[in-house]
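Observations on the three-dimensional arrangement
Read off the chains here:
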Amino acid sequence: MCGIVGYSGKQNSSKIVLEGLKTLEYRGYDSWGIAVQDKNQIKIFKEIGEIKTKLSMLPLPKTSCAIGHTRWATHGGVTMTNAHPHISTTKDFILAQNGIVENYSTLKKMLEKKKYTFKTQTDTEVIVRLIEQQTKKDETFRDSVRKAFNMLEGRNTIIVLDSKEDNHIIAVKNGSPLALGIGKDELFLASDALAFTKYTKDVVFFDNLDLIEIKGNKFKIYDSKTGKEKKYKITKLNSKVEDISKGKYDHFMLKEILEQQDTILKAVNYKLDDLKPLIDIIKKAKRIYITGAGTAGFASGQIAYYLRTISNIDVLDVRPYDFASYFPILKKDDLIIAVSQSGETADTIEVLEYAKELGCTIASIINVEGSTIHRMSDLPYLIHAGPEICVASTKVFTSQCVFGYLLAKSMVGEYTGAREEVESLSSGLREYFTEKVFNHIKKLVRSIKNRNHFFILGKEQNSYIALEGALKIKEISYKHFEGFSAGELKHGVIALIEKGTPVFTIISDDMCSKDLLSATEEVRARGAYTVGVGDSKFRKEECFNFFLPVVKSKELSALSNVVVFQLLSYFLAFSLGNSVDKPRNLAKSVTVK
Ligand code: F6R
């Protein structure tokens with residue numbers, strides 16, 4: 001959460017930093033700010049909310065060095081005072097942070113006793129004061145930043161712009177991501193390389209506790225604990241410079257939903273030989289865990305379902321934030337499969353750090369090349385969905401699931417059949433995405449948009465789809481949608497059904513369909529407004545007040561179903577006038593715990 005950008009070079013620094021911040025806005029959009037170095041002075045511009053100010057309106061001079069930050073508030077409300085970057089008392093350096101200083105209140109009390117004062121409610125200002133304190137003792141500014149940083153607890157990455165020396169930036173990485181881009185006579189720093197891949201593909205990814213010092217167009221890396229210089233490796237990124245514009249669409253979300261017809265194909269564009277190392281380790285591992293958070297967690301559950309039902313592989317699906325209770329039984333012969341879009345989710349990384357230390361093998365199904373999880377993995381599998389900009393994840397979910405499906409089918413010698421099934425889903429989606437279908441969904445939206453509580457029933461292959469469908473709608477419509485297995489209904493949830501309560505039933509042509517029809521009858525008998533989502537063969541069933549037919553698919557009908565909830569979520573949020581791509585309180589990359 002939060003995005004950091006820095007630049008030193010021949011171009012207009014505020015232009016590069018502003019562009020970078022726009023790219024990183026998915027990491028938080030409570031406020032943003034840019035600080036430029038201008039003839040040994042620092043000039044700052046900050047704003048609350050999303051980035052609305054255009055470069056031509058930015059009241060900053062053209063200079064060759066700047067830093068910037070886009071905020072997802074942790075400590076301190078969303079105010080101009082709390083917006084980063086934060087300047088030192090003597091105005092000779094300015095700093096921004098991505099992360100949380102866990103011991104900030106102890107440090108603040110210690111500094112207050114020494115008569116340091118604070119203007120903001122942020123934990124970040126504590127780092128500024130700590131550096132100020134150090135500058136009175138240390139020989140170099142680098143040492144002051146380093147020693148102040150070493151007093152911090154938690155996962156935090158900082159960037160500091162120094163006014164006393166031309167084009168001087170220092171950054172330290174711990175936990176939250178940071179990458180350096182090396183251009184011709186220019187250097188870029190950013191929380192995500194996507195912020196500068198338009199200019200360079202030569203990237204240095206950092207280890208935790210690396211300190212990076214930029215002076216002009218030169219840089220050095222140090223170990224922040226010892227202060228000793230370190231060697232580094234330049235990685236050439238493979239991914240194409242991807243289009244990150246909305247194109248003809250009003251929102252990234254709709255664009256990304258429609259892209260699924262292509263992205264699911266890219267996700268399975270692996271040869272059987274590419275999958276072999278993972279298949280071998282799955283066969284050998286004592287125990288297999290799969291983990292991911294939020295939507296990635298539901299993808300983990302769906303992949304575990306495919307491995308269990310298609311290849312008879314026992315995979316334990318555990319959420320990373322609840323993984324600690326498994327640590328005592330984790331063994332070095334175990335395999336952990338991490339599922340993540342960003343590859344930067346703090347909870348997931350913490351599990352992997354523990355497992356790595358123990359010697360477990362780590363595989364991952366991820367979208368972002370060069371991300372922390374990508375680099376930590378022994379067997380990383382990129383799903384190549386391209387940048388997913390809308391905070392609510394759509395195309396990455398289906399891509400991760402089809403990759404899991406391909407893996408499961410390949411394990412039982414059905415690699416080719418799996419590829420064909422995904423191709424058939426892709427062409428089905430191509431035909432499905434029409435105004436006629438959208439209008440049918442919009443018609444339903446009009447009739448339910450004023451209700452506040454909704455339920456989604458699924459079962460077996462559609463259990464996780466019920467959870468993911470509900471999450472998608474909650475995230476951007478802010479309506480209370482609850483998804484659960486239809487089997488749970490009579491064990492409690494049915495008490496919530498009142499006259500008119502909308503209840504969605506996800507129904508595939510499978511062994512659960514009869515149970516789902518009965519469950520729908522039961523809620524209808526209690527006054528629910530019933531909506532069927534699924535195979536068109538059920539559209540005429542009397543228990544449904546409304547029916548949303550999906551793309552026909554033999555084994556991937558769960559994924560056809562989820563697409564309907566994505567569209568429903570989009571049209572509902574749009575009709576409510578909500579911010580579709582940047583829903584309130586959320587950020588795409590959850591890099592703090
Ligand atoms: C929901 C959503 C989140 C993420 C979760 C994990 O639409 O996007 O629930 O799935 O924060 O993020 P990644 O996949 O980056 O690990």
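Sequence order sets the numbering: in each chain, residues are counted from 1 along the sequence as written. Predicted model: local features are reported for residues with pLDDT of at least 70 only, side-chain atom pairs are reported and counted for 80 or more only, and whole-chain, interface and lining totals are derived from all residues. Only heavy atoms go into the side-chain values, all of them from the structure, while hydrogens and water stay out.

Now for the overall build of the protein chain. Across its full length, the protein chain holds 16 helices and 25 strands. Relative to the compact-globule value of 25 Å for 593 residues, the protein chain shows a C-alpha radius of gyration of 25 Å, a close match. With 593 residues in all, the protein chain has 61% of them scored as buried. We call two residues in contact whenever any of their non-hydrogen atoms come within 4.5 Å of each other. A separation of at least 24 residues holds for 71% of the contacts in the protein chain among residues at least 6 apart in sequence. Per-residue and other accessible areas follow the Shrake-Rupley method at a 1.4 Å probe size, with only the shown protein chains counted as cover for residues. For the protein chain, the accessible surface area stands at approximately 23,600 Å², while carbon and sulfur atoms represent 50% of it. Asp and Glu are treated as the negative residues and Lys and Arg as the positive ones, with His and the ends of the chain left uncounted. Working definition for charges: the position is that of NZ of Lys, CZ of Arg, CG of Asp or CD of Glu. Where the 84 positive side-chain charges of the protein chain centre and where its 72 negative ones centre are 3 Å apart. Going along the chain from the N terminus, every DSSP run of H or I of four or more residues is numbered as a helix, and every run of E of two or more is numbered as a strand. Values of the radius of gyration come from C-alpha atoms, whereas the globule rule sets the reference at 2.2 Å times the count of residues to the power 0.38. Each residue's exposure class comes from its accessible area (1.4 Å probe, protein chains only) as a fraction of the maximum for that residue type: buried when under 20%, exposed when over 50%, partly exposed otherwise.

Here a strand pair is declared whenever DSSP counts at least two bridges between the two strands. Read from one edge of the open sheet, seven strands run β5-β6-β7-β8-β12-β13-β14, paired in antiparallel fashion. Each having just a single partner strand, β5 (86-87) and β14 (229-230) make up the two edges of the open sheet. With five bridges connecting them, strand β7 (residues 156-162) and strand β8 (residues 168-173) associate as antiparallel partners. Looking at β8, one finds that V160 is bridged to I170. Fitted lines through C-alpha atoms serve as axes, helices being fitted only where they are in contact, and the angles separating the N-to-C directions of these axes extend from 0 to 180 degrees. Taken strand by strand, helix α3 (residues 124-135) contacts β5, β6 (93-99) and β7, and its axis lies near 135 degrees from that of β6.

Next up on the list: the site of the ligand. Throughout this document, a residue counts as near a molecule or strand when at least one of its heavy atoms sits within 4 Å of that molecule or strand. The environment of the ligand is formed by 14 residues, the closest being S340, Q341, S342, T345 and E475. Take T295: an N or O atom from its main chain is 3.1 Å from an oxygen atom of the ligand. Any pair of N or O atoms that falls within 3.5 Å is considered a polar contact. Within protein, one atom must be able to donate a hydrogen and the other to accept it, and sequence-neighbouring residues count only if both atoms are side-chain atoms. In the model, an oxygen atom of the ligand is placed 3.3 Å from a nitrogen or oxygen of the V391 main chain. Considered on its own, the ligand offers 410 Å² of accessible surface; in the complex 90% of this is hidden by protein. Those elements giving two or more residues to the shell around the ligand turn out to be α8 (294-311) and α14 (463-477).

For the domains described, the bounds stem from an automatic or database domain assignment. Domain annotation for the protein chain reports domain 1 (3-236), domain 2 (248-431) and domain 3 (434-593). If you average the C-alpha positions of domain 1 and of domain 2, the two centres end up 33 Å apart. If you look at the interface, domain 1 gives nine residues, while domain 2 gives twelve residues. Overall, the association of domain 1 and domain 2 removes approximately 880 Å² of surface from exposure, summing both partners, and the carbon and sulfur fraction of that is 53%. By the criterion of area lost to domain 2, the three top residues of domain 1 are Y26, R155 and F205, representing 51% of everything that side buries. Think of a salt bridge as a Lys or Arg side-chain nitrogen and an Asp or Glu carboxyl oxygen that are within 4 Å of each other. Inspection of the region where domain 1 meets domain 2 yields two salt bridges. Across the salt bridge formed by R155 and E350, the nearest N and O atoms sit 3.8 Å from each other. Buried area: the sum, over both parts, of the accessible surface (1.4 Å probe) that disappears when the two are put together.

Only a minority of non-glycine residues have a phi that is not negative, and only a minority of peptide bonds are not trans. The peptide bond linking H84 to P85 adopts the cis configuration, its omega dihedral lying at -5 degrees. One non-glycine residue with positive phi stands out, namely E460, at about 50 degrees. Note on placement: E460 falls in the loop between β21 (453-458) and α14.

The next subject is helix α1 (residues 13-24). To estimate the expected span of a helix, count its residues, drop one, and scale the result by 1.5 Å. Between the first and last C-alpha of α1 there are 16 Å, a value that for twelve residues agrees with the 16 Å anticipated at 1.5 Å per step. Judged by how many residues are buried, α1 sits mostly within the fold: nine of twelve residues are covered. The complete set of buried residues in α1 reads S13, S14, I16, V17, L18, G20, L21, T23 and L24.

This next bit is on a nonpolar patch on the surface. Surface patches are drawn from residues lacking salt bridges whose relative accessible area is over 30%; two like charges belong together within 9 Å, two nonpolar side chains (Val, Leu, Ile, Met, Phe, Trp, Tyr) within 5 Å. Side chains of I48, V78 and M80 sit close together on the surface and give an oily, nonpolar patch of about 240 Å² of accessible area. Within the element layout of this structure, M80 appears in the loop between β4 (65-71) and β5. A residue is classified by how much of its surface remains accessible, and M80, at 45% relative accessible area, is partly exposed.

Turning to the pairing of strand β3 (residues 41-48), a few remarks are in order. Pairing between strand β2 (residues 31-38) and β3: eight bridges, direction antiparallel. Paired with W32 across the two strands is E47, which belongs to β3. Connecting the antiparallel pair β2 and β3 is a turn made up of two residues, with K39 showing a positive phi of about 45 degrees.

What follows deals with the side chain of H251. Mapped onto the fold, H251 is located in the loop between β15 (235-236) and α5 (252-258). Polar contacts involving the side chain of H251 include one to the side chain of Y570, which spans 2.8 Å. In this view, H251 contacts K246, Y570, F574, V580 and D581; residues no more than four positions away in its chain are not counted.

This part is about the packing of helix α12 (residues 415-432) against helix α16 (residues 557-575). Axis separation between α12 and α16 bottoms out at 11 Å; the angle between their running directions is 30 degrees. Between α12 and α16, the crossing angle belongs to the class labelled roughly parallel. With respect to the hand of their crossing, α12 and α16 are arranged in right-handed fashion. Residues L425, L429 and Y432 of α12 form the contact with α16, whose own contacting residues are L559, S560, V563, V564 and L567. For classification, angles of less than 35 degrees are called roughly parallel, those exceeding 145 degrees roughly antiparallel, those between 65 and 115 degrees roughly perpendicular, and all remaining angles oblique. A crossing counts as left-handed when the near helix is turned anticlockwise from the far one by less than a right angle, and as right-handed when that turn is clockwise.

Glancing now at the environment of Y289. Assignment of secondary structure puts Y289 in strand β16 (residues 288-291). On the basis of relative accessible area, Y289 is assigned to the buried category, the value being 0%. Separated by 218 residues in sequence, Y289 and I507 have C-alpha atoms that sit 29 Å apart. Apart from the residues lying within four places of it in its own chain, the contact partners of Y289 are V315, L316, V318, F323, Y326, I329, L330, D334, L335, I336 and I337.

Among the nonpolar cores identified, the biggest contains 109 residues, and L278, F504 and L567 are the most heavily contacted of them. Each of domain 2 (248-431) and domain 3 (434-593) contributes no fewer than three residues to this core. Core analysis: the second largest hydrophobic core is formed by 25 residues, Y26, I34, A66 and A179 among them. As used here, the term nonpolar core means buried Ala, Val, Leu, Ile, Met, Phe, Trp, Tyr and Cys residues forming a set that is joined through side-chain atoms within 4.5 Å.

Taken together, eight strands build an open sheet; the order of strands is β3-β2-β4-β1-β10-β9-β11-β15 and the sheet is antiparallel. The open sheet terminates on both sides in strands that have one partner only, identified here as β3 and β15. Pairing of strand β9 (residues 179-183) with strand β11 (residues 202-205) involves three bridges; the strand directions are antiparallel. Its bridge partner being in β11, A179 is matched across the sheet by F205.

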